[in-house]
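# Chains, contacts and geometry: an overview
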Amino acid sequence: FLKQSWRDKAKELFEKFATGLTVLVDFKTLFIVIIISILLWFATALYNYLIFLAFDLQPNPPIYASFILLIFVAFGISLPSSPGFIGTFQFACVLALKFFKIPESTAFSISVVLWVGNFMPVTLLGLYYLKKEHFSLKRVRTEELARES
């Protein structure tokens, strides 16, 4: 029921996903991945909460608000969106913070600060390593196009 090109893409995606799971075969690796994932989620939740404190919200949202926000953002950015999740990230933040009676204007401001704090370091590090490894975005794109054809 799907076009051949779509079936080929879906098969390739599934194979890549399955290949990625092979690292989880042994228990030790799986355990390490789980621990690192939990630590990253807690670090991100702490970052969210520190942003709440920086905005001096009255009353301060409970600590679990940062986890609720994290869950909403994770779902929000999984939706198709513009590059950098602009729009869906902000919408998810505003929606999550409504549960804690944070005004939309403040919630949007929080979302922008969170987005900059999440997106900019990763982007700048990526650009740094592109330069360090003597890559260029044009070269990466050219190699990608060559692989596709």
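Residues numbered from 1 in each chain as written. Predicted model: local features only at pLDDT ≥ 70, side-chain atom pairs only at ≥ 80, totals over all residues. Heavy atoms only, no water.

## Comments concerning the environment of Thr88
The residue Thr88 is located in helix α4 (residues 88-98) in this model. By relative accessible area, Thr88 is classed as buried at 17%. Not counting residues within four places of it along the chain, the set of residues in contact with Thr88 comprises Gly76, Ile77, Pro80 and Ser81. (Helix = DSSP H or I, 4+ residues; strand = E, 2+ residues; numbered from the N terminus. Buried < 20%, exposed > 50% of the residue type's maximum accessible area, 1.4 Å probe, protein only. Contact = heavy atoms within 4.5 Å.)

## Notes on the packing of helix α3 (residues 64-77) against α4
Relative placement of two packed helices is described by the angle separating their axes and the distance separating the axes. At a closest axis distance of 8 Å, the pairing of α3 and α4 adopts a crossing angle of 145°. α3 and α4 meet at a crossing whose hand is right-handed. Mapping the contact onto sequence places Ile68, Leu69, Phe72, Val73, Gly76 and Ile77 in α3 and Thr88, Phe89, Ala92, Cys93, Leu95, Ala96 and Leu97 in α4. For the contact of α3 with α4, a count of residues per class yields 11 nonpolar, two polar and no charged. (Axes fitted to C-alpha atoms, helices over the stretch in contact; angles between N-to-C directions. Left-handed = near helix turned anticlockwise from the far one by under 90°. Nonpolar A, V, L, I, M, F, W, Y, C, P; charged D, E, K, R; others polar.)

## Section: the confidence of the model for the chain
Summarising the model, the chain shows a mean pLDDT of 90, and 99% of its residues fall at 70 or more. Within the chain, α4 carries the highest mean pLDDT (96), whereas helix α6 (residues 137-148) carries the lowest (79). (pLDDT = per-residue confidence, 0-100.)

## Focus: the pattern of salt bridges
For the structure on display, the rule yields three salt bridges. Two residues, Glu15 and Lys11, come together in a salt bridge whose shortest N-O distance is 4.0 Å. Pair noted here: Glu15 and Lys11 are both in helix α1 (residues 4-21), with a separation of four residues, about one helical turn. Measuring nitrogen to oxygen at the nearest pair gives 3.2 Å for the salt bridge that ties Glu104 to Lys98. (Salt bridge = Lys/Arg side-chain N within 4 Å of Asp/Glu carboxyl O.)

## Observations concerning the environment of Ile68
Assignment of secondary structure puts Ile68 in helix α3. For Ile68, a relative accessible area of 28% gives the class partly exposed. With 25 residues separating them in the primary sequence, Ile68 and Cys93 have C-alpha atoms 9.5 Å apart. Apart from residues lying up to four places away in sequence, Ile68 is in contact with Ala96 and Phe100.

## Section: the packing of aromatic side chains
As enumerated under the stated definition, the model contains seven aromatic pairs in all. Note on Tyr49 and Phe52: the rings are 6.1 Å apart at their centroids and 75° apart in plane angle, and the pair reads as edge-to-face. One end of the pair is Tyr49 and the other is Phe52, both in helix α2 (residues 27-54) and three residues apart, which spans about a single turn. Per residue, the accessibility class of Tyr49 equals that of Phe52, and both read buried. (Phe/Tyr/Trp six-rings, centres within 6.5 Å; stacked < 30°, edge-to-face > 60°.)

## Side note on unusual backbone geometry
Cis geometry marks the peptide bond from Gln58 to Pro59; its omega dihedral reads -10°. Inspection of the secondary structure assignment puts Pro59 in the loop between α2 and α3. If you check the backbone angles, Lys101 has positive phi at about 55° while not being a glycine. For Lys101, the location among the structural elements is in the loop between α4 and α5 (104-132). The backbone of His134 shows a phi angle near 60°, a positive value even though the residue is not glycine. Under the relative-accessibility criterion, His134 is labelled exposed at 67%.

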